Amino acid sequence: MGQNSVKAILAAGMIFTSCTVAFAHGDVKPQAVDTTGLPETGEEWLIENPYRVETAGLEVWKKALEVGASGYNQNCARCHGLEVVSGGLAPDLRYIEAEEYGDEWYVERFRTGYTQNGTTKMPAFGELLGQDAAWAIRTYIETRPDTEAMEEVADELKALRDELAEYGKDASGADADALKARLSEIADGIEALSGAPVADSVAYRAANLIDGTEAAFTAAAETLTIGLSATQ
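First, a word on what this report is: a plain description of the structure on this page.

Rules used in this analysis
Residues numbered from 1 in each chain as written. Predicted model: local features only at pLDDT ≥ 70, side-chain atom pairs only at ≥ 80, totals over all residues. Heavy atoms only, no water. Salt bridge = Lys/Arg side-chain N within 4 Å of Asp/Glu carboxyl O. Helix = DSSP H or I, 4+ residues; strand = E, 2+ residues; numbered from the N terminus. Buried < 20%, exposed > 50% of the residue type's maximum accessible area, 1.4 Å probe, protein only. Disulfide = S-S within 2.5 Å. Phe/Tyr/Trp six-rings, centres within 6.5 Å; stacked < 30°, edge-to-face > 60°. Core = buried A, V, L, I, M, F, W, Y, C linked by side-chain atoms within 4.5 Å. Contact = heavy atoms within 4.5 Å. Lys, Arg positive; Asp, Glu negative; His and termini not counted. Patch = residues over 30% accessible without salt bridge, like charges linked within 9 Å, V, L, I, M, F, W, Y side chains within 5 Å. Areas by Shrake-Rupley, 256 points an atom, 1.4 Å probe, with all protein chains shown as cover. Charge placed at Lys NZ, Arg CZ, Asp CG, Glu CD.

## Some thoughts on the pattern of salt bridges
Here comes step 1: Counted by the stated rule, this structure contains 14 salt bridges.
Here comes step 2: Among the salt bridges present, the one from Glu66 reaches Lys63, with a minimum N-O distance of 3.4 Å. Taken together, the residues Glu66 and Lys63, both in helix α3 (residues 58–75) and three residues apart, mark about one turn of the helix.
Here comes step 3: Residue Lys63 is classed as partly exposed on the basis of its relative accessible area, which comes to 24%.
Here comes step 4: Ionic pairing is found between Asp200 and Arg144, a salt bridge with its closest N-O pair at 2.8 Å. Here Arg144 lies in the loop between α7 (131–142) and α8 (147–152) and Asp200 lies in the loop between α10 (176–188) and α11 (202–209), a separation of 56 residues in the sequence. Of the two residues, Asp200 and Arg144, both sit in the buried class.
Here comes step 5: Members of the salt-bridge network, linked through shared partners, are Arg52, Asp103, Arg138 and Glu142.

This is the structure:
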């Protein structure tokens, strides 16, 4: 994508800026984000995401996703949409490059907010939420999957969801390894729009839940149900 995609978002109205105060954050107090379990990033603000899987490792990355999802849904989703799928009132954050250029731009806007003609379009979150929360939210944003790719496999995922739901009631005939392998194969074909190395798709989430138990099959089926609903 390169710098041109960031410039395109800037031209569309800047990151986090399209909602008015009344609709977005005017009377909505920013909610604190619990970053327990994440490595601390220190006082000096970084310019590159420290929680990426290739930098921090899988377990830290997963924790950052968990924390970032919570932080995003509490503070950002009202303007920028569930699963970061914009409804048109705000820029689509999924396209900000998962590299230093995109990171530097993101964190500057996160820290300072945005004001236009004396109206606060986005509050400054830096001091309110802190750097650990900022990068966790960034991790969540940049791992959103390509919705068009998701649509292409939606029918198969629905069929797998139904199969998993049945195994949640009786797992005696289930081939957990085969189900996990197929979901992982589907996940490998779904890219993150930011260029991040791993897309946190519902196929990826469901695959990582399966362990052969009925409870896990049920959880995987519910994950697919929620995720597929969000993309419609």
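This is not the end of the story, as more comes after the structure.
## Observations concerning the state of the cysteines
Here comes step 1: This structure, assessed with the given rule, holds zero disulfides.
Here comes step 2: The thiol of Cys76 is unpaired, and the distance to the nearest cysteine sulfur, on Cys79, comes to 8.9 Å.
Here comes step 3: Among the residues examined, Cys76 registers a relative accessible area of 4% and is labelled buried.

## Remarks on unusual backbone geometry
Here comes step 1: Even without glycine at this site, Glu83 takes up a positive phi of about 60°.
Here comes step 2: With relative accessibility at 23%, the residue Glu83 sits in the partly exposed group.
Here comes step 3: One non-glycine residue, Val84, lies in the positive phi region at around 65°.
Here comes step 4: Turning to its location among the elements, Val84 is positioned in the loop between α4 (77–80) and α5 (100–112).

## Some points on the packing of aromatic side chains
Aromatic rings considered in pairs are described by the distance between their centres and by the relative angle of their planes.
Here comes step 1: Under the criterion given, the structure shown has six aromatic pairs.
Here comes step 2: Each ring, one from Tyr72 and one from Tyr140, has its centre 5.5 Å from the other, and the planes form 45°; the classification is tilted. A residue pair is termed long-range when its members are at least 10 positions apart, and Tyr72 in helix α3 and Tyr140 in helix α7 qualify at 68 residues. With respect to burial, Tyr72 and Tyr140 carry one shared label: buried.
Here comes step 3: Consider the rings of Tyr106 and Trp135, whose centres lie 6.2 Å apart with planes at 45°: the pair is tilted. On the criterion of sequence distance, the pair formed by Tyr106 in helix α5 and Trp135 in helix α7 is long-range, its members being 29 residues apart. For the pair Tyr106 and Trp135, a shared accessibility class is recorded, and that class is buried.

## Here's the deal with the nonpolar core
Here comes step 1: One finds Tyr72, Tyr106, Phe110, Ile137 and Ile141 to be the most contacted residues of the largest nonpolar core, which totals 29 residues.
Here comes step 2: Put simply, the parts of the chain that give this core at least two residues each are α3, α5 and α7.
Here comes step 3: Every residue in contact with Phe110, bar those within four places of it in the chain, is listed here: Trp45, Met122, Ala124, Phe125, Gly126, Leu129, Gly130, Ala134 and Ile137.
Here comes step 4: One finds Trp61, Ala171, Ala203 and Leu228 within the second-largest nonpolar core, a separate group that totals 28 residues.

## A short note on the side chain of Asp132
Here comes step 1: Examined against the element boundaries, Asp132 turns out to sit in helix α7.
Here comes step 2: In this structure, Asp132 is buried with no salt-bridge partner, the nearest side chain bearing the opposite charge being Lys63 at 12 Å.
Here comes step 3: Excluding residues within four positions of it along the chain, Asp132 makes contact with Thr35, Leu38, Pro39, Glu40, Thr41 and Tyr51.

## As for a negative patch on the surface
Here comes step 1: A grouping of Glu48, Glu54, Glu99, Glu100, Glu104 and Glu108 is seen on the molecular surface, where their side chains present a negatively charged patch.
Here comes step 2: The leading source of residues in the negative patch is α5, at three residues.
Here comes step 3: Mapped onto the elements, Glu48 comes out in the loop between α1 (2–12) and α2 (53–56).

Function cannot be read off these values alone, since they describe shape.
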